[in-house]
Amino acid sequence: MSVPQPQPQPIRVAIVDDHPMVAEGIEAILDSFPDIVVVGTYCNGRGIIDAVEDVRPDVILLDLNMPEMGGLTACEILLEEHPWLKILILSMHDSPEYISTALDHGARGYVLKDVPTDEIKRAIDVVMAGERYLCTGAQGSLAPARGAGHLTNREQTILLQLAQGKSNKEVAIALDISVRTVETHRKNIKKKLGISSTAGLTRYALEHGVLRDATQKF
């Protein structure tokens with residue numbers, strides 16, 4: 001008599017997107033696969049950070065631009081505390097700078113939201129296997145942020161925040177760090193880039209693709 005083989009555990013996936021219809025659509029897609037279970041949907045980065053210990057996802061599907069806390073900051077914080085997580089970015093845009101910045105922050109893959117249904121599943125399988133995944137539309141777009149490669153991940157995140165006109169206090173609240181820490185990073189960024197003003201930082205971010213359009217969602 002043969003001994004039944006244990007069934008593999010399903011892949012636990014969390015969805016983070018501030019558009020309910022998008023999140024519900026992705027959840028419906030993933031629910032059709034027997035080896036995937038959606039453990040929660042969240043409308044911003046703070047939501048998944050607060051819930052990650054309870055729901056313990058294997059893979060997080062993460063949008064980039066969301067209220068309260070965006071995807072880049074969430075990605076950085078999540079991986080600092082839970083380095084085994086696999087984070088897969090789902091985005092509307094294929095800008096090389098956005099893709100490279102997301103990967104620099106530790107994301108394991110980048111998928112455009114208009115990909116066929118089965119490509120999201122393929123991306124999850126690939127990152128679960130320990131590999132990096134770029135969807136067809138993002139392939140060939142990978143490039144380091146021009147001119148900003150010598151900034152650390154944290155400095156690039158703060159540069160993005162400052163270039164959108166946020167004050168030191170607003171950046172500190174958004175990133176959950178002290179105002180003094182923001183001030184220190186701000187000085188270091190200016191020193192590295194040879195820039196003396198906030199207007200100069202904004203101009204630099206625009207010219208070098210770090211910030212393509214502050215009013216446009218990722």
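Attention in this report is confined to the structure presented alongside it. (Residues numbered from 1 in each chain as written. Predicted model: local features only at pLDDT ≥ 70, side-chain atom pairs only at ≥ 80, totals over all residues. Heavy atoms only, no water.)

Turning our attention to the overall build of the protein chain. Helix and strand counts for the protein chain come out as 9 helices and 6 strands. For the protein chain, buried positions account for 50% of its 218 residues. Looking at the protein chain as shown, the accessible area adds up to about 10800 Å², and 52% of this sits on carbon and sulfur atoms. (Helix = DSSP H or I, 4+ residues; strand = E, 2+ residues; numbered from the N terminus. Buried < 20%, exposed > 50% of the residue type's maximum accessible area, 1.4 Å probe, protein only. Areas by Shrake-Rupley, 256 points an atom, 1.4 Å probe, with all protein chains shown as cover.)

Once that is clear, we can look at the sheet that holds strand β5 (residues 109–112). Taken in spatial order, the 6 strands line up as β2-β1-β3-β4-β5-β6 in an open sheet, and their pairing is parallel. Each end of this open sheet is capped by a strand with a single partner; those strands are β2 (36–42) and β6 (133–134). Pairing between strand β4 (residues 86–91) and β5: 4 bridges, direction parallel. Counterpart to serine 91 in the pairing with β5 is leucine 112. (Pairing = 2+ DSSP bridges.)

Attention shifts here to the packing of helix α3 (residues 71–81) against helix α6 (residues 153–163). Relative orientation of the contacting elements α3 and α6 amounts to 155°, with a least axis distance of 10 Å. Judged on the interaxial angle alone, α6 and α3 are roughly antiparallel. Note that α3 runs across α6; the crossing there is left-handed. Contacts between α3 and α6 involve Leu72, Thr73, Glu76 and Glu80 from the first element and Asn153, Arg154, Thr157, Leu160 and Gln161 from the second. Of the residues in the contact of α3 with α6, the class split is 2 nonpolar, 4 polar and 3 charged. (Axes fitted to C-alpha atoms, helices over the stretch in contact; angles between N-to-C directions. Parallel < 35°, antiparallel > 145°, perpendicular 65-115°, else oblique. Left-handed = near helix turned anticlockwise from the far one by under 90°. Contact = heavy atoms within 4.5 Å. Nonpolar A, V, L, I, M, F, W, Y, C, P; charged D, E, K, R; others polar.)

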